Amino acid sequence: MSDVKLTYEDYTSGGKYKVIGTRPIRHDGEDKVTGRAIYGADVRMADLLYGKVLRSPHPHAKILSIDTSRAMELPGVRAVATADDLVDVVDKMSQIGETTVNIREIAENSLAYDKVLYKGHSVAAVAATSPHIAEEALDLIDVQYEVLPPVVDVRAAMADDAPLLDESRTTNRMGEESENASNVASHNQHDMGDIDAGFAAADVIVEREFTTATVHQGYIEPHNTTVLCKKDGSITVWVSTQGPFQVRDQLAQVMQVPVSKVKVIPCEIGGGFGGKFPIYMEPAAAVMSFKTGHPVKMVMSRAEVFEGTGPAPGSYITCKMGCKNDGTITAAYSYLAYEAGAYPGSAVGAGAACIFSPYDIENVRIDALDVVVNKPRSSAYRAPGAPNAAFASETVIDELAERIGMDPLAMRLKNSAREGTRRSDGTVYKKIGCVETHEAAKKSEHYQSRLAGPNRGRGVASGFWFNGGGQSAAFISVHASGQVSLNEGSTDIGGSRAAMAMIVAEELSLKATDVNPAVVDTDSIGFTDGTGGSRVCYATGHACYLAAIDVKERMCVRAARQLELEEGDVEFVEGEFVATSDSSKRLAWNEVAAAQASTGGPIEGVGTINASGPGNAFATHIVDVEVDPETGKVKILRFTAVQDVGKAIHPSYVEGQIQGGVVQGIGWALTEGYFYNEDGKMANPTFLDYRMPTVLDLPLIETVMVEVDNPDSPHGIRGVGEVPLVPPMAAIANAIYQATGKRMQDLPITPDRMVAAMYEEMAEAAG
């Protein structure tokens, strides 16, 4: 077999753009597939100490005392850290990634103070000359506990007699604090129209209850960090994170130092999906580095990741919807109670804002409750809050369609949100592609095909995600060779380096390979919000575009100097600098780049933005399943994901994002979930028992990309990474109903649950 080297021209698609919409090989691809890329666990430096964390064996207990003296006597141990080493952290709310959190609670989650609130809660840490010595030292730390009863179910936690995680916590109900202590941290409501009149106008009403398990993002790379505190008081952090600036700000506030004293160097990241915004080990590592003067490296085990970091919340949801016989949805109500974990801050607010958002419904009411339980503090997971919510609403819509004898996609299309539709949270849509997505799904070859065979069913579901904007910065340097370097601050998870380089190359009439993109540390670029919320390609891409515009303008000035013309007499036309007064006077890009030393020095461009109007994302999924009537195993036969992607900058990576979201949704629907024993301890904290789908569980996932331009983006960009996780659970549940006649309302739909449901149906039929 001969070697074939593909060139840039092999990927060019033509059309409106020359670079955007093509499929160049990603700039960091070779390093990643050959093992040369530096991930957090690869960081090595002189005099490195290794840190390990002592974690609580109890899900709920008071800490009576911690004695670290025996651990410090072990040869090789250099430092220990407990909550007593942290100053009294301010009670302050801060935006971290896609959620708002309390800085004091971040500190308490990093090193427990007074109480442990879940099995795996960090209690103390040790730094030693080897990881094995540090591990041994953990056994020498004596912690005395007063064990308390745990609560690990959201409904049980809301009961009047439930054990309280925090005796001082009361419910913030619509902005007002209640008087009684409660595990319900907050209760908020959306109310639009007249809900009673809406249901009175309905010919058919369906109301159902749903539960979803706590699920983990399932990233391959465990959490890791290396921290060095220098004598000048500065702190440098090497870390796997989605938000370098968020890590900087959290650590600075917990350690009570200025942000200017903290530098975060983001390493390559082995997945995150929203789960790598919070800090966990950094405060302990910083304390121990400060005590010793040595860098301290800490890497979690897989069990620590499951038990000690932030999964997506479990939930209890009721959903009630009514419609007329012609399919018009007249009213929708939902009650959402989400598990926040040990501290408030679940994604229930986002779930409430997303649950009915693919539809134009006049009368809506939504109650959203954030509830603390003895589980790890919940964190973002790809469209946080929306997948739970869509599982409920899209299942009810499917039942409504069946009850009135209407095609399920036709009903969704009839009620589809469009420009001018008002969401229940008050937002009025600008230009969106919800209708187009529903139409594309209905017309797709998959939906038009015939599904034959016993125990088989086809299901559909739709989903919504806001997409994010926020702050981003980019910096471009032009080299004498004509190539450019691009520095930006968005951690690359899904190919964003390539997308940023393509945006710059398009604007500067270069090849993608002529742009060298780099994700740099927090001291080397302006503040950039994290890689989450489906914001990067839209917001950081816009900053890169502005930086390229800045470069073009500066290059035009330099070209005018070379041509001995007035500064305003040169414009950039298809890769050349052309005099407007005499088109025969022109210079190539490389000529201007090569002469920059003699025309004024280095040429650089800067782009910054606080992007609003990110556009919204809509998706509709179609799935065929087969259910084994004896074992209850659900097999996915075919899956098609239709999505409005705005403009696909690099179509391969857009397809990959969609397919990845579907895979995670399949796992969430059928196999994944935290399972707890009666004593409140997680029973499956390894990949052996936490069952994620493998290639053997998956079909070829087909994608249909609908491109409805976002008018607030110079290239029509919409975020694509999160909404693919929203529809799969409901689509699969709806397909299972078509195959078995049984509506499944609890996730995951495991074989034992499926068998129990089918035998229940048989018993009812026989009775």
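Residues numbered from 1 in each chain as written. Predicted model: local features only at pLDDT ≥ 70, side-chain atom pairs only at ≥ 80, totals over all residues. Heavy atoms only, no water.

Considerations on the environment of Phe 199
Here's step 1: Relative to the elements of secondary structure, Phe 199 occurs in helix 6 (residues 195–200).
Here's step 2: In this structure Phe 199 touches Ile 205, Lys 320, Met 321, Gly 322, Ala 331, Ala 332 and Tyr 333, once residues within four positions along its chain are discounted. (Helix = DSSP H or I, 4+ residues; strand = E, 2+ residues; numbered from the N terminus. Contact = heavy atoms within 4.5 Å.)

Here we look at the pairing of strand 28 (residues 617–627)
Here's step 1: Within strand 28, ten of the eleven residues are buried, which leaves it mostly tucked inside the rest of the structure.
Here's step 2: Two elements, strand 20 (residues 456–465) and strand 28, share ten bridges in a ladder whose sense is antiparallel. Its bridge partner being in strand 28, Ala 461 is matched across the sheet by His 621.
Here's step 3: Bridge analysis of strand 28 against strand 29 (residues 634–644) gives nine bridges, and the strand direction is antiparallel. (Buried < 20%, exposed > 50% of the residue type's maximum accessible area, 1.4 Å probe, protein only. Pairing = 2+ DSSP bridges.)

A word on the side chain of Thr 214
Here's step 1: Here Thr 214 is to be found in the loop between strand 12 (204–212) and strand 13 (224–229).
Here's step 2: Of the polar contacts made by the side chain of Thr 214, one reaches the side chain of Glu 339; its length is 3.2 Å.
Here's step 3: When sequence neighbours within four positions are dropped, the list of residues in contact with Thr 214 reads Pro 311, Ala 312, Pro 313, Gly 314, Glu 339, Lys 375, Gly 673 and Tyr 674. (Polar contact = N/O pair within 3.5 Å; in protein donor to acceptor, adjacent residues only side chain to side chain.)

Observations regarding the side chain of Glu 307
Here's step 1: With respect to the helices and strands, the residue Glu 307 is situated in helix 9 (residues 302–308).
Here's step 2: In this structure Glu 307 touches Tyr 118, Lys 119, Gly 120, Pro 376, Met 682 and Pro 685, once residues within four positions along its chain are discounted.

Points about unusual backbone geometry
Here's step 1: Residue Leu 747 is joined to Pro 748 through a cis peptide bond whose omega torsion reads 0 degrees.
Here's step 2: Along the polypeptide, Pro 748 turns up in the loop between helix 20 (728–740) and helix 21 (751–766).
Here's step 3: The backbone of Ser 534 shows a phi angle near 55 degrees, a positive value even though the residue is not glycine.
Here's step 4: Note on placement: Ser 534 falls in the loop between strand 23 (515–519) and helix 16 (536–563).
Here's step 5: A residue is classified by how much of its surface remains accessible, and Ser 534, at 12% relative accessible area, is buried.
Here's step 6: You will see that Glu 574, though not glycine, has its phi angle at about 50 degrees, which is positive.

What to know about the sheet that holds strand 21 (residues 470–478)
Pairing between the strands of a sheet comes from backbone hydrogen bonds, and it takes one of two forms, parallel or antiparallel.
Here's step 1: One open sheet accounts for four strands, arranged 23-22-21-27; its pairing is mixed. At either margin of the open sheet sits one strand with a lone partner, and together these are strand 23 and strand 27 (604–611). For this sheet, the mean angle separating the axes of adjacent strands, direction not counted, is 20 degrees.
Here's step 2: With eight bridges connecting them, strand 21 and strand 27 associate as antiparallel partners. Each bridged residue has a counterpart across the sheet, and for Gly 470 the counterpart in strand 27 is Ala 611.
Here's step 3: Across the sheet, helix 15 (residues 496–508) touches strand 21, strand 22 (484–488) and strand 23, and the angle it forms with strand 22 is around 130 degrees. (Axes fitted to C-alpha atoms, helices over the stretch in contact; angles between N-to-C directions.)

Section: the pattern of salt bridges
Here's step 1: What the rule picks out here adds up to 44 salt bridges.
Here's step 2: Residues Asp 28 and Lys 32 are paired through a salt bridge, measuring 3.0 Å at the closest nitrogen-oxygen approach.
Here's step 3: Through salt bridges with shared partners, one network takes in Arg 208, Glu 394, Asp 398, Glu 399, Glu 402, Arg 403, Arg 412 and Arg 743. (Salt bridge = Lys/Arg side-chain N within 4 Å of Asp/Glu carboxyl O.)

Side note on helix 7 (residues 244–255)
Each α-helix winds once per 3.6 residues, and so residues spaced three or four apart point in a common direction.
Here's step 1: For helix 7, with twelve residues, the first-to-last C-alpha span of 16 Å sits near the 16 Å given by 1.5 Å per residue.
Here's step 2: Extensive coverage of helix 7 is indicated by the burial of twelve of its twelve residues.
Here's step 3: By the burial criterion, the buried members of helix 7 are Pro 244, Phe 245, Gln 246, Val 247, Arg 248, Asp 249, Gln 250, Leu 251, Ala 252, Gln 253, Val 254 and Met 255.
Here's step 4: Phi turns positive one or two residues past the end of helix 7, at Gln 256, with a value near 60 degrees. (Expected span 1.5 Å × (residues − 1).)

Some words on the sheet that holds strand 25 (residues 576–579)
Here's step 1: The sheet built from three strands is open, its strands ordered 24-25-26 with antiparallel pairing. Whereas interior strands pair on both sides, the edge strands pair on one side only; in this sheet they are strand 24 (570–573) and strand 26 (586–588). Each neighbouring strand pair of the sheet contributes to a mean axis angle of 25 degrees, computed without reference to strand direction.
Here's step 2: Summarising the sheet, strand 24 and strand 25 pair through four bridges and their orientation is antiparallel. Paired with Val 570 across the bridge in strand 25 is Ala 579.
Here's step 3: In the packing of helix 16 onto the sheet, the strands contacted are strand 24, strand 25 and strand 26, and the crossing angle to strand 24 comes to about 120 degrees.

Everything listed here is a matter of geometry and, on its own, says nothing about what the molecule does.
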